Amino acid sequence: MSQSQAAVTPDPEVDPDTAAPAVTTRADRVKRRLTSPWATMAALVIAVLWTIPTFGLLLSSFRPADQIASTGWWTFFSNPELTLDNYTEVLFSGSDTSAQLGEYFVNSLMIAIPGSIIPLVLASLAAYAFAWVKFRGSSTLFVIVFALQIVPLQMALIPLLQLFVTFVHPFQRALHEAVPFISDQQFPPVWIAHAIFGLPLAIFLLHNFISQIPGEVIEAARVDGAGHGQIFFRIILPLAMPAIASFGIFQFLWVWNDLLVALVFSSGTPDTAPITQRLAELAGSRGENWARLTAGAFVSLIVPLIVFFGLQRYFVRGLLAGSTKG
Amino acid sequence: MTTMDLLGKLLQGVVGLGAFGVVMALLLAFLDRPDDQPGGWRGSMKQGLRPRLIIIGVLVLLALLARLLYGAVPWMTQGMTNALIILAVAGIAVVVLQWLLDRLLRPATPAVRSAVLRLVGAAIAVAIVLVAQVAESIPSLEWVTPALVLAGVIVGWPVVGVLLATAALAFAPHRIRRQGRLLVWLLAAVAVVVIALVLEQGREQPIGVWPWTGALALSVIGVLGYLADRDDDSKPMLVFLMPAALLLTVGLIYPAIRTTMLAFTGRAGEYVGMENFVWMFTQREALITLGNTIAWVILVPLLSTAVGLAYAVFIDKSRGERVYKMLVFMPMAISFVGASIIWNFMYAYRGPEQDQIGLINQLIVLVGGEPQQILQNSPWNTLALIIVMIWIQTGFAMVVLSAAIKGVPTEQLEAAEIDGANPWQRFRNVTVPSIRTSIVVVVTTISIATLKVFDIVRTMTAGNFDTSVIANEMYTQAFRSGEPGRGAALALVLFVMVLPIVVYNIRVLNQQKAIR
């Protein structure tokens, strides 16, 4: 839930990396003089401070377990020794006491992918209706949807859980009975919860983008006899792809990193619990087993970090447009 | 993890997304009926024949496969075979029915079409309700719980009534039809609640409050239908908006209202007035929770915005700006749980006689101090948790503010320089005023995220040692101590605290829009 407020979307023109002019102008020099050697020093210190915690964890996760427990990771530089044992242990070890993160990793994927696709589909449909289907009360309804962001998800947890117990669990049991190798504990409650909590913001952001698509394009299509369905699939979806991609990334990261929704709506067993839940549990019960925790934490970080470094353009763009432009 | 488990999970994903896809496809099928049909009876028979044949073929194949595999492989159980065959038969029936309807209704007027579709819907609803009544005696329907049967009765009959009434109204003049339908839907919503209350009289076990959900959903359908029925142009709105509207009503608006009411109830659901709030503002633990939350919401936004702004200014136009940004921004992608473990490791404690493994304690030892149990010594442990949040949020502040700084008009900076302003004055008097709205957005966004912070506290201390915050306490009370009333009251307080920030944020954004 961290950044959902800000994950505001896309304005194709705002790209921080290309925004800087390539040629050195006079104005450029003026600006440059703001940065003194001291400022550079300070920036360097902040950058190092911000990186050290992650770096220490990464380095530790590759050190032998007894060394992690007895010496600080900085001693590595005088006594370098690396191993992959911690990772094999947390991911694949079959013993009951091990972390068995492999299974939870699969759960996280199984939660995060549908948990992002469902709200994206529903939100882009709704955003289109608000932007391009003319109906009375459209703006009032839109304001209501926007206002729903005010409701903290904590407000919805208890009643939603009651609803799921009454209406979703019987169907899960039926599925379990018909197909015995599908566990009694299933993902749909977590998917639905994530879809609901992601919807208001998704509708708002996608609407901002979709309503900026030039009206002439849509008018032209209508003159050619296209209905709303065709306009949506042939024109809106392709044009809004950058926005959908950036919100998709945010929703994916949000779902992947979530702990609260998982704690309330997943079973907590290896059947459905995501990796964050397992890690929180390990941190609580075996707070001192650093060999497992460091490797485990990095297993859970690897997907967000890949998404972050691989799709950074979309990520930053998604973050920016709304916060700096309305 | 066995292969079967993995297969089961993948299958859940396939079934779940498949069901979602089918529902969406059925919904979208209502859109865009092309006017130019090939003429004649044969033409209309052929229309859309191929996709239907393909679907039927797949379903037949599925049933055959189930029958063939039954007995051949251990995991194809009897229940599964039966389920697949039933699914295939039902699917084929639906496809054929839909095709027949489509074919029959093509020459009909819109009024007739709408009436027939509603009648068919009513027939299906009646069938479902009746089957649910006798589900107990049908072998493959044992999973239908009494609650589901009850729901079928309470919501099912009003829905049947609505469908019949609106079918009759289809032939009325437009004005009457529109308002009549709205009235019928709202009446049905009332009927759901009334039926539930009447049924509740004769039962030992209360039905619960979910009929209100059904009533809300029916009213939403009615209102949306009313809005969409104004002219032909606005009708498609129903298809686009209905799923999101229903989900938000049932999953967000109704629960929020319920939680508000729950806040005034006790352990067993009895009305207790303001007791939960009295508890919150008198108990020591609860007061500490409130105090901690306030400390969080003051320190985190201020410090992370300040550091982020300073950093953004320092690295602006410097060499390697991208790398600098990435380093500080990276914690944003990390989960709060991951960040908590990273910092738990930083704060790790070893006795004074041992080597320290946590960097912070190592530094303390280096300057000659005693190693500390950082996460257990109140009140400094709260500060230690706050640092984690600052570490995460600074990157966000930095990226947004950095983009804003790039938008500051260079002419103004130049003019200020010519006037003899030093770098600090230029920053103070030119840069800061022009990025003010961005600063406001950053501060408010981080404040809201901070108010809701849960994962960090849960993972690092679980709220022990006087570190709890509202969101964590809410979870503990509602889901661990069995005090849903207190949990709801805490959630309500959280709502009240978030409210002014969001309202302020919206106002600033609106002003900004108005200026542009």
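The written sequence of each chain sets the order in which its residues are numbered from 1. Naming scheme: in the order in which they are written, chains are lettered from A and ligands are numbered from 1. Local features are withheld for residues below a pLDDT of 70 in this predicted model, meaning they are given only at 70 or higher, and side-chain atom pairs are given and counted only at 80 or more; totals for whole chains, interfaces and linings count all residues. In computing side-chain properties, one takes all heavy atoms of the structure into account and sets aside hydrogens as well as water.

> Explain the confidence of the model for chain B to me, using residue names and the numbers behind them.
All names here are of chain B. Every residue carries a pLDDT, the predictor's confidence in it, which falls somewhere between 0 and 100. With 95% of its residues at a pLDDT of 70 or more, chain B has an overall mean of 83. Across chain B, element-level confidence peaks in helix α11 (residues 284-315) with a mean pLDDT of 90 and bottoms out in helix α2 (residues 40-46) with 53. Two residues qualify as a contact provided that any one of their heavy atoms is within 4.5 Å of a heavy atom in the partner residue. Note that residues 35-41 has pLDDT below 50 and, in this model, six contacts with residues that lie over four places away or in other chains. Both confidence scores are given for the complex: pTM 0.84, ipTM 0.83. By the criteria applied, helices consist of DSSP H or I runs no shorter than four residues and strands consist of E runs no shorter than two, each listed in order from the N terminus.

> Residue-level account of a nonpolar patch on the surface, with values.
All names here are of chain B. A patch consists of residues whose relative accessible area exceeds 30% and which take part in no salt bridge; residues with like charges are grouped when within 9 Å of each other, and nonpolar side chains (Val, Leu, Ile, Met, Phe, Trp, Tyr) when within 5 Å. All accessible-area figures derive from a Shrake-Rupley calculation using a 1.4 Å probe, and residue coverage is judged against the displayed protein chains alone. The term salt bridge refers to a side-chain nitrogen of Lys or Arg lying within 4 Å of a carboxyl oxygen of Asp or Glu. On the surface, I294, I298, L299, L302, L303, W380, L383 and I387 cluster together into a nonpolar patch covering about 730 Å² of accessible area. Elements with a minimum of two residues in the nonpolar patch: α11 and α15 (380-406). Sorting elements by how many residues they give to the nonpolar patch places α11 first, with five residues. Mapped onto the elements, I387 comes out in helix α15. By relative accessible area, which is 35% here, I387 ends up partly exposed. Using a 1.4 Å probe on the protein chains alone, a residue whose accessible area is under 20% of its type maximum counts as buried, one over 50% counts as exposed, and one in between counts as partly exposed.

> So what's going on with unusual backbone geometry? Residues and values would help.
If a residue is not glycine, its phi is most likely negative; likewise, a peptide bond is most likely trans. Residue and element names in this part refer to chain B. At F465, a position not held by glycine, the phi torsion is positive, near 55 degrees. Turning to its location among the elements, F465 is positioned in the loop between α19 (455-460) and α20 (470-480). Classification of F465 as partly exposed rests on a relative accessible area of 40%. The residue D466 is not glycine, and still its phi comes out positive at about 60 degrees. With respect to the helices and strands, D466 occurs in the loop between α19 and α20. For D466, a relative accessible area of 28% translates into the label partly exposed.

> So what's going on with helix α16 (residues 410-418) of chain B? Residues and values would help.
Residue and element names in this part refer to chain B. Taken together, the buried positions of α16 are L413, E414 and A416. Within α16, the buried residues cover an arc of 160 degrees as seen down the axis, which keeps them to one side. Opposite its buried face, α16 presents the exposed residues E411 and I418, each directed more than 90 degrees away. Looking one or two residues past α16, G420 carries a phi angle of roughly 90 degrees, positive in sign. When we speak of the arc, we mean the arc of directions from the helix axis to the C-beta atoms.

> Before we move on, can you summarise the interface of chain A and chain B with the specific residues and values?
Listed as interface residues are 137 residues of chain A and, on the opposing side, 139 residues of chain B. Put simply, buried area is the surface a 1.4 Å probe can reach on two separate parts but cannot reach once they are joined, added for both. For the pair chain A and chain B, the summed buried surface comes to about 12,500 Å²; carbon and sulfur atoms form 76% of the total. Summed over the shared surface of chain A and chain B, the result is one salt bridge. Here E103 of chain A makes a salt bridge to K9 of chain B, at a shortest N to O gap of 3.9 Å. Here a polar contact is taken to be a pair of N or O atoms separated by no more than 3.5 Å, where protein atoms must pair a possible hydrogen donor with a possible acceptor and residues adjacent in sequence count only if both atoms sit in side chains. Connecting chain A to chain B are seven residue pairs in polar contact (both at pLDDT 80 or more). Here the residues of the side of chain A that touches chain B are counted per class, giving 90 nonpolar, 31 polar and 16 charged. In this classification, the charged set is Asp, Glu, Lys and Arg, the nonpolar set is Ala, Val, Leu, Ile, Met, Phe, Trp, Tyr, Cys and Pro, and all remaining amino acids, among them Gly, are polar.

> So what about the environment of H207 of chain A? Which residues, and what values?
Residue and element names in this part refer to chain A. Position of H207 among the secondary structure elements: in helix α10 (residues 188-210). The class for H207 is buried, based on a relative accessible area of 14%. Put simply, H207 and P53 are 154 residues apart on the chain and 39 Å apart in space, counted from C-alpha to C-alpha. Those residues in contact with H207, other than ones at most four positions away along the chain, are A127, F130, A131 and F142.

> Talk me through the pattern of salt bridges; I want residue IDs and the actual numbers.
All names here are of chain A. In the structure shown here, the tally under the stated rule is 10 salt bridges over all chains. Across the pair E281 and R278 runs a salt bridge, and its minimum N-O distance is 2.9 Å. Note that E281 and R278 are positioned in helix α14 (residues 275-285) at a spacing of three residues, about one turn of the helix. Given the relative accessible area of 40%, E281 is considered partly exposed. On the basis of relative accessibility, which here comes to 9%, the residue R278 falls in the buried class.

> So, the packing of aromatic side chains: which residues are in play, and what are the values?
All names here are of chain B. Here the aromatic set is Phe, Tyr and Trp, taking the six-membered ring for Trp, and pairing holds for ring centres within 6.5 Å; pairs whose planes are under 30 degrees apart are stacked, those over 60 apart are edge-to-face, and all others are tilted. All told, the structure shown has 22 aromatic pairs over all chains when counted by the stated rule. With centroids separated by 5.8 Å and ring planes inclined at 75 degrees, the aromatic side chains of W343 and W391 adopt a geometry described as edge-to-face. Of this pair, W343 sits in helix α13 (residues 336-346) while W391 sits in helix α15, placing them 48 residues apart in sequence. Using a relative accessible area of 7% as the deciding quantity, one classes W343 as buried. The class of W391 is buried, set by a relative accessible area of 2%. Here Y475 and F479 contribute two aromatic rings whose centre-to-centre distance is 5.5 Å and whose plane-to-plane angle is 35 degrees, an arrangement assigned as tilted. Linking Y475 with F479, this pair stays in helix α20, spanning four residues, or about one helical turn.

> Go over the UniProt feature "domain: ABC transmembrane type-1" (unreviewed entry) in chain B, please, and point to the residues and values.
Residues annotated in UniProt with the feature "domain: ABC transmembrane type-1" (unreviewed entry) correspond here to residues 290-505 of chain B. The span residues 290-505 of chain B is 73% helix and 0% strand, and its two end C-alpha atoms sit 23 Å from each other. UniProt positions are given in the numbering used here, feature names are shortened, and annotations may be inferred rather than shown by experiment.

> Please provide a residue-by-residue account of the packing of helix α6 (residues 101-132) of chain A against helix α9 (residues 237-262) of chain B, values included.
Describing two packed helices takes the angle between their axes plus the distance from one axis to the other. Two elements in contact, α6 of chain A and α9 of chain B, have axes whose closest approach is 8 Å; the angle formed by their N-to-C orientations is 125 degrees. Compared by their axis directions, α6 of chain A and α9 of chain B come out oblique. α6 of chain A and α9 of chain B meet at a crossing whose hand is left-handed. Where α6 of chain A abuts α9 of chain B, its residues L122, L125, A126, Y128, A129 and F130 of chain A lie against M237, F240, L241, P243, A244 and L247 of chain B. Class assignment for the residues of the contact of α6 of chain A with α9 of chain B results in 12 nonpolar, no polar and no charged. Fitted lines through C-alpha atoms give the axes, limited to the stretch in contact for helices. The angle between two N-to-C directions lies from 0 to 180 degrees. Angle categories: roughly parallel below 35 degrees, roughly antiparallel above 145, roughly perpendicular from 65 to 115, and oblique for all the rest. Left-handed is the label given to a crossing in which the near helix is rotated counterclockwise from the far helix by less than a right angle, and right-handed is the label when the rotation is clockwise.

> Run through α9 of chain B, naming residues and quoting values.
A rise of 1.5 Å per residue sets the reference length of α9 of chain B, with its 26 residues, at 38 Å; its end C-alpha atoms lie 35 Å apart and thus fit the reference within 8%. In α9 of chain B, a bend of some 35 degrees at T249 of chain B exceeds every other bend along the element. A helix is expected to reach a length of 1.5 Å times the quantity of its residues less one. Note on bend: the value at a residue is the angle between axes fitted to the seven residues ending there and to the seven starting there.

> Hey, could you go over the confidence of the model for chain A for me, with residue numbers and the actual values?
Residues and elements named next belong to chain A. The predicted model of chain A averages 78 in pLDDT, with 83% of residues at 70 or higher. The weakest mean pLDDT in chain A belongs to helix α1 (residues 16-19) at 42; the strongest belongs to α6 at 90. Throughout residues 1-24 the model reports pLDDT below 50, and contacts reaching past four residues in sequence, or to other chains, amount to 63 contacts. In this model residues 322-326 is a low-confidence stretch, pLDDT under 50, and it forms 23 contacts with partners more than four residues away in sequence or in other chains.

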